[in-house]
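Coordinate inspection notes
Spelled out from the first residue to the last, the chains are:
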Amino acid sequence: MKKILMVLTSVSEIGDTGEKTGYNVAEAAHPWKVFKDSGHFVDFASVQGGQPPRDEVDSEDPIQVAFTEDEVTRAGLYNTARVDVVDPGQYDAVYLVGGHGTMWDFPDTKGLQNLVASVYNAGGVVGAVCHGPAGLLNVELANGFRLVEGRRVAAFTNEEEVAAGKDKVIPFFLADRLEEQGATHVSANVFEEKVVVDDRLVTGQNPASAAGVAKEMEKLLAQVIHEEKAEEQHEAEALRAGKDAEKNAKKAAAETER
C-alpha cells in the first residue's frame, strides 16, 4: 500500500463572473477508484483547508456517485488539511485535481509548490490533470530547475478553453504558461483523452484523461513496490547468508578443537 494525496482547489467562483466552480468531481472520483482498487490509501488536502467547493456531480456516473457517497471519502473531504501544513514525507505520490478554480489559487500557493517539490525530490510520483497542472507552475526542484522544465506535459488546451467558453475569463492560458516555463505541451484533439508520462511526472489533458493519469501513476508506484520488495529480499538473503557463515565458522572451530 502507498499513500497518495489528492490536492483540491479552494476557489468557488470563476473570476468575478459569479459562476460557481470548485474541484472537478470526475477528475477526483475516477483516479480515486483506480487508487482504491489498487489497495492504496487516499488522503485529501486543499489550498485553504476545510471543505473544498466542488463542481456538479454527474448522477449518471456511478463512480462519481460512489465517490460522493463513500463514508471515508466524505469524512476526508469534510475538513481537508491546508497544503502548507501537510507533511510531504507521509506521501508517496501527490495528484492535483483539476477544475477551473485551480487557475486562480494553484500557481501562486507557495505551500503547494513546496509540497509538490518535496514529494518529487524524495523520489515520489506527481500527477495532475486538466487544470490541475496549474499547480506544477513555479515548482522548483532541489537541483534548481523547475519541475516542468524540459518535460513533456499535457493540460487543458487553448482550444478547449475556447470550446468551454472560458477563454475570456481565465487569467491565462495554461498550455501557454507551461511552455513559458520550459515545458513541451503535448495535446490530442479537443476533449479527447491524452496522458503523458515523463519520468515520475504524469499529466492529462482533460476530464477524459483522469483515470488514465491515475493508471500510469499506479504503474510507477507498482514499480517502486517491486523494487522495495526486491531490496527487502536481497537484505533478507544477505542476513541469512551471514548467519549461515557464522554457524559454519563456529562448527569448523568446534571440529578443530576436537
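Below: a short report on this structure. Since this is a predicted model, take the numbers as computed values, not measurements.

Turning to the overall build of the chain, a few remarks are in order. Broken down by element type, the chain carries eight helices and nine strands. Principal-axis analysis of the C-alpha atoms gives the chain an extent of 95 × 40 × 35 Å. Within the chain, contacts between residues at least 6 apart in sequence are counted, and of these 76% link residues at least 24 apart. For the chain, the computed accessible surface area is about 12700 Å², with 46% contributed by carbon and sulfur atoms. The averaged location of the 44 negative side-chain charges in the chain is 7 Å from the averaged location of its 26 positive side-chain charges.

Judged by nonpolar contacts, the single largest core of 34 residues is most densely connected at Val 7, Leu 96, Leu 115, Val 116, Leu 136 and Leu 147. Per-element tally for this core: the top contributor is helix 5 (residues 110–121), with six residues. Aside from chain neighbours lying at most four places away, what touches Leu 136 is Leu 96, Val 116, Val 126, Ala 128, Leu 147, Val 148, Leu 201 and Thr 203. By size, the runner-up hydrophobic cluster in this structure holds 28 residues, among which are Val 34, Phe 67, Val 213 and Met 217.

All right, on to the pattern of salt bridges then. Counted according to the given criterion, the structure contains eight salt bridges. Where Arg 177 meets Glu 180, a salt bridge forms, and the shortest distance between an N and an O atom there is 3.4 Å. On the criterion of helical spacing, the pair formed by Arg 177 and Glu 180 is a turn pair, its members being three residues apart in helix 7 (residues 174–180). On the basis of relative accessible area, Arg 177 is assigned to the partly exposed category, the value being 28%. Between Lys 219 and Glu 216 there is a salt bridge; the shortest N-O distance is 3.2 Å. Separated by three residues within a single helix, Lys 219 and Glu 216 lie in helix 8 (residues 210–257), roughly one turn from each other.

Turning our attention to the packing of helix 2 (residues 62–69) against helix 3 (residues 71–78). Close contact between helix 2 and helix 3 brings their axes to 5 Å; oriented N to C, the two are set at 65 degrees. What the angle tells us is that helix 2 and helix 3 run roughly perpendicular. Residues Phe 67, Thr 68 and Glu 69 of helix 2 pack against Glu 71, Thr 73, Arg 74 and Leu 77 of helix 3. Taken together, the residues that form the contact of helix 2 with helix 3 break down as two nonpolar, two polar and three charged.

By the secondary structure assignment, Thr 203 is in strand 9 (residues 201–204). Polar side-chain contacts of Thr 203 include one of 2.9 Å to the backbone nitrogen of Ala 154. Leaving out residues up to four positions away in the same chain, Thr 203 has contacts with Ala 128, Leu 136, Arg 152, Val 153, Ala 154, Lys 194, Val 195, Val 196 and Val 213.

The next thing to look at is helix 1 (residues 25–37). The end-to-end C-alpha distance of helix 1, which contains 13 residues, comes to 18 Å, matching closely the 18 Å that a straight helix rising 1.5 Å per residue would cover. Its side-chain oxygen 3.1 Å from the backbone nitrogen of Ala 26, Asn 24 forms the N-cap of helix 1. Phi turns positive one or two residues past the end of helix 1, at Gly 39, with a value near 85 degrees.

Moving on, we come to the pairing of strand 2 (residues 41–46). Pairing of strand 1 (residues 3–8) with strand 2, which is carried by six bridges, proceeds in the parallel orientation. Opposite Val 7, over in strand 2, you have Ala 45 as the bridge partner. Handedness of the crossover joining strand 1 and strand 2 through helix 1 is recorded here as right-handed. In terms of strand pairing, strand 2 meets strand 3 (residues 81–82) through two bridges, oriented parallel. The residue of strand 3 that forms the bridge with Ala 45 is Ala 81.

It is worth spelling out the packing of helix 1 against helix 2 at this point. The interhelical angle for the contact between helix 1 and helix 2, taken along N-to-C directions, is 85 degrees, at an axis separation of 9 Å. When the axis of helix 1 is compared with that of helix 2, the two are roughly perpendicular. The segment helix 1 lies against helix 2, with Val 25, Ala 26, Ala 28, Ala 29, His 30, Trp 32 and Lys 33 engaging Ile 63, Gln 64, Ala 66, Phe 67 and Thr 68. Per-class residue counts for the contact of helix 1 with helix 2 are eight nonpolar, three polar and one charged.

Thresholds, definitions, all that
Residues numbered from 1 in each chain as written. Predicted model: local features only at pLDDT ≥ 70, side-chain atom pairs only at ≥ 80, totals over all residues. Heavy atoms only, no water. Helix = DSSP H or I, 4+ residues; strand = E, 2+ residues; numbered from the N terminus. Contact = heavy atoms within 4.5 Å. Areas by Shrake-Rupley, 256 points an atom, 1.4 Å probe, with all protein chains shown as cover. Lys, Arg positive; Asp, Glu negative; His and termini not counted. Charge placed at Lys NZ, Arg CZ, Asp CG, Glu CD. Core = buried A, V, L, I, M, F, W, Y, C linked by side-chain atoms within 4.5 Å. Buried < 20%, exposed > 50% of the residue type's maximum accessible area, 1.4 Å probe, protein only. Salt bridge = Lys/Arg side-chain N within 4 Å of Asp/Glu carboxyl O. Axes fitted to C-alpha atoms, helices over the stretch in contact; angles between N-to-C directions. Parallel < 35°, antiparallel > 145°, perpendicular 65-115°, else oblique. Nonpolar A, V, L, I, M, F, W, Y, C, P; charged D, E, K, R; others polar. Polar contact = N/O pair within 3.5 Å; in protein donor to acceptor, adjacent residues only side chain to side chain. Expected span 1.5 Å × (residues − 1). Pairing = 2+ DSSP bridges. Right-handed = clockwise from strand over helix to strand, strands pointing away.

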